[in-house]
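The primary structure of each chain is shown beneath.
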Amino acid sequence: MGDVLAGIHATWEFDTDSVLIRFERGIRTPKLFQSLRERRIPYAALSSVTLTPGKRGTVVLRAVPRAGADPLVEAASGQLKEGCDPYRLVLPAEREVLAEYYADELRALLDPASDEPADRFLVAAPEAPMNFKAYDGRAGFDGERVSFRWSWTGASSAKWKAGDQTFKVSELAGIVWRSPEALDGYLRLLPRAAAPVDHRTGGSLGDLHGPGGSGSADGASADGGPVAAPVTRAADQDPAAVLFGLGYGPVHESLPFAAAVLESVRRTQPAPAASAPALVNAGRRDPADIAERIHHLGELHQAGLVTDAEYTAKKAQLLAEL
């Protein structure tokens, strides 16, 4: 499309195969957005597009990611607050007609398999090296290894006895990230031989993020291999976990870290065979759909949101698709 849509805290730049989301770096911008800076989202990574009323005279345009397409979303596992959702663009209510136009444009570009989970990550993870300070230690990731260096004041005796830890991503099955905004938040690494864990003891049977993107509670690993008995150690006693606390391991530091580790873990595992992605918008478009879009374009033109030249060019483009 080659267009730009500026909203509150972010700007969406539309390209032929993806949308580049640039986040503002202001005092009111969520710290997670400032940490991410920008993200390129392929249209193939989206499952749907919604436009809903927002708060205090705004509308919200949201691109809904496909399951398994974005390591950041997979690592977050539904724990992000609405205001920190990087797929939301908040706009003044007077721009609703324009937002609806772009929502329609995005829907037309969705992959035919958009309602199916992605078999691999389609959105790039934050790049290593990365590090953050947790309550009981410091976590570091260089792209190949994750290291935990324990704190004198916060680490348990069990962690001090085990000593500082280093884990190769090739030896990991996945990660568990529990938001530092929740009680007893943590980041736990799951070695290849480990089974899903239980949040009641510092983990979650449903939060294993491994090669398949989801966990299993019946003794099978994320990629179907045999595993050991379930982990029952609490996060503050587990040398493969760092514990969050008030002011330690904030979301904007620990979540991108978790996403980067998860993407590296997935990359080291054999991917299932998959056919080449289908071409989007192959063949001719439905004439009724074209007519509706031209009518919509005319409304934008009459409202002064589209110039004469833009209206003529876009209308000719739509007619050419018949």
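Every value quoted in this text rests on a predicted model; they were computed, and no experiment measured them.

Caption draft 1: Local environment of the overall build of the protein chain. A count of helices and strands for the protein chain gives 7 helices and 14 strands. With 322 residues in all, the protein chain has 46% of them scored as buried. Considering only contacts within the protein chain whose residues lie at least 6 apart along the sequence, 62% involve residues at least 24 apart.

Caption draft 2: Broad picture of the side chain of Asp104. Position of Asp104 relative to the elements: it lies in helix 3 (residues 96–108). Among the polar contacts listed, one links the side chain of Asp104 to the side chain of Arg107, at a separation of 2.8 Å.

Caption draft 3: Focus on the nonpolar core. Counting residues in each nonpolar core, the largest one holds 66 residues, and the members touching the most others are Trp12, Ile175, Trp177, Leu187, Phe257 and Val261. Here the element with the most residues in this core is helix 5 (residues 251–268); it accounts for 9 residues. Counting residues in hydrophobic clusters, the runner-up holds 6 residues, among them Val176, Tyr186, Ala241 and Leu243.

Caption draft 4: Just helix 3, in detail. With 13 residues, helix 3 extends 18 Å between its outermost C-alpha atoms, agreeing within 8% with the 18 Å of an ideal straight helix rising 1.5 Å per residue. Turning to helix 3, its buried residues number three or more, namely Leu98, Ala99, Tyr101, Tyr102, Ala103, Asp104, Glu105, Leu106 and Ala108.

Caption draft 5: The arrangement of the pairing of strand 3 (residues 18–23) in detail. When you tally the buried positions in strand 3, you get 5 out of 6 residues, the bulk of the element. Bridging between strand 2 (residues 10–14) and strand 3 involves 5 bridges; their strand directions are antiparallel. Looking across to strand 3, one finds that Ala10 is bridged to Phe23. What sits between the antiparallel neighbours strand 2 and strand 3 is a turn of 3 residues. Bridging between strand 3 and strand 4 (residues 38–42) involves 5 bridges; their strand directions are antiparallel.

Caption draft 6: Just the environment of Glu263, in detail. You can see Glu263 is positioned in helix 5. Between the C-alpha atoms of Glu263 and Val123, which are 140 residues apart in sequence, the distance is 9.7 Å. Contact partners of Glu263, with chain neighbours within four places excluded, come to Pro71, Phe121 and Ala125.

Caption draft 7: Representation of the confidence of the model for the protein chain. Chain-level pLDDT for the protein chain is 83 on average; 78% of the residues reach the 70-or-more range. Across residues 195–207, where pLDDT falls below 50, the model places 45 contacts with residues more than four positions away in sequence or in other chains. Contacts of residues 273–283 to residues separated by more than four positions or lying in other chains number 11 contacts, the stretch itself having pLDDT below 50.

Caption draft 8: Representation of the pairing of strand 12 (residues 172–178). Where burial is concerned, most of strand 12 is hidden: 6 out of the 7 residues are buried. In terms of strand pairing, strand 12 meets strand 13 (residues 186–191) through 6 bridges, oriented antiparallel. Of the residues in strand 13, the one forming a bridge with Arg178 is Tyr186.

Conventions used here
Residues numbered from 1 in each chain as written. Predicted model: local features only at pLDDT ≥ 70, side-chain atom pairs only at ≥ 80, totals over all residues. Heavy atoms only, no water. Helix = DSSP H or I, 4+ residues; strand = E, 2+ residues; numbered from the N terminus. Buried < 20%, exposed > 50% of the residue type's maximum accessible area, 1.4 Å probe, protein only. Contact = heavy atoms within 4.5 Å. Polar contact = N/O pair within 3.5 Å; in protein donor to acceptor, adjacent residues only side chain to side chain. Core = buried A, V, L, I, M, F, W, Y, C linked by side-chain atoms within 4.5 Å. Expected span 1.5 Å × (residues − 1). Pairing = 2+ DSSP bridges. pLDDT = per-residue confidence, 0-100.

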